[in-house]
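Residue strings, one per chain:
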Amino acid sequence: MTFSQEEKEYFMRQALQEAEKSLAKEEIPIGCVIVKDKEIIGRGHNAREELGQAIMHAEIMAIQEANERVGNWRLLDCTLFVTVEPCVMCSGAIGLARLPQVIYGAANQKFGAAGSLYNILSDERLNHRVTVEQGILVQDCASIMQTFFRQRRQEKKRV
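- As recorded by an unreviewed UniProt entry, the protein carries the name tRNA-specific adenosine deaminase and is attributed to Streptococcus cuniculipharyngis.
- Word for word, the UniProt comment on the protein under Sequence similarities (unreviewed entry) is "Belongs to the cytidine and deoxycytidylate deaminase family. ADAT2 subfamily."
- Its UniProt record, at the heading Catalytic activity (unreviewed entry), says of the protein: "adenosine(34) in tRNA + H2O + H(+) = inosine(34) in tRNA + NH4(+)".

The following block contains the structure:
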């Protein structure tokens, strides 16, 4: 799947809209969309606190919705756009869903598993490898995270 720079930015903006939903609920603001044939078939945002479930990351929610839309657990010919580099859990789910491509905005130096700390998506020991592209709207994707954590630190100082 090839996308123009304009298309990549459009879909990343859609993922940023999902991240805004998390931010409004005081969740870590990460958003995700899954695209098939240039159409969004899955959306997700972090909802761990809201749903009380550790696994409710943006990518997991988007994968679940996309699975329902296509009627299959395999998400072949799809691309996952996410605002922040996937963690170990989400990278595993991406591989298990057979997604061939991930495009993300900001790196995740503390939990990233698509290049920063680990390279799960491209590990040749696994039976499925994923093409990864990073840096789409990186400033916007990093900024929403920085704002969230800055506000959290300020709130802790007040308590």
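Additional details are given in the paragraphs that follow.
## Here's the deal with the overall build of the protein
Then, in step 1: The secondary structure content of the protein amounts to five helices and five strands.
Then, in step 2: Moving toward the C terminus, one meets the helices and strands of the protein in the order α-β-β-α-α-β-α-β-β-α.
Then, in step 3: For the protein, the C-alpha atoms occupy an extent of roughly 50 × 30 × 30 Å along the three principal directions.
Then, in step 4: For the protein, with 159 residues in total, the buried portion stands at 47%.
Then, in step 5: Put simply, 59% of the contacts in the protein that link residues at least 6 apart link residues at least 24 apart.
Then, in step 6: Entry remark: accessible area of the protein is about 8,800 Å², with carbon and sulfur atoms responsible for 48%.
Then, in step 7: Between the mean site of the 20 positive side-chain charges and the mean site of the 21 negative ones, the protein shows a separation of 5 Å.

## Comments concerning the UniProt feature "binding site: Zn(2+)" (unreviewed entry) in the protein
Then, in step 1: The feature "binding site: Zn(2+)" (unreviewed entry), as given by UniProt, occupies His57, Cys87 and Cys90 in the numbering adopted here. For the annotated residues, spread through 34 residues, the largest C-alpha to C-alpha distance comes to 9.3 Å, consistent with a single compact locus. For the largest pocket, the lining residues drawn from the annotated set are His57 and Cys87.
Then, in step 2: Along the chain, Cys87 falls in the loop between strand S3 (78–84) and helix H4 (88–96).
Then, in step 3: Given a relative accessible area of 15%, Cys87 falls into the buried group.

## Quick look at the UniProt feature "active site" (unreviewed entry) in the protein
Then, in step 1: When the UniProt feature table is mapped onto this chain numbering, "active site" (unreviewed entry) sits at Glu59.
Then, in step 2: Note that Glu59 resides in helix H3 (residues 58–70).
Then, in step 3: Here Glu59 falls in the buried class, since its relative accessible area comes to 4%.
Then, in step 4: Setting aside residues no more than four positions away along its own chain, Glu59 makes contact with Cys32, Leu80, Val82, Val84, Pro86 and Cys90.

What counts and what doesn't
Residues numbered from 1 in each chain as written. Predicted model: local features only at pLDDT ≥ 70, side-chain atom pairs only at ≥ 80, totals over all residues. Heavy atoms only, no water. UniProt positions renumbered as here; feature names shortened; annotations may be inferred. Helix = DSSP H or I, 4+ residues; strand = E, 2+ residues; numbered from the N terminus. Buried < 20%, exposed > 50% of the residue type's maximum accessible area, 1.4 Å probe, protein only. Contact = heavy atoms within 4.5 Å. Areas by Shrake-Rupley, 256 points an atom, 1.4 Å probe, with all protein chains shown as cover. Lys, Arg positive; Asp, Glu negative; His and termini not counted. Charge placed at Lys NZ, Arg CZ, Asp CG, Glu CD. 1 Å grid on protein atoms, 1.4 Å probe; cavity = no way out; pocket = protein on both sides within 12 Å on 5 of 7 lines; lining within 4 Å.

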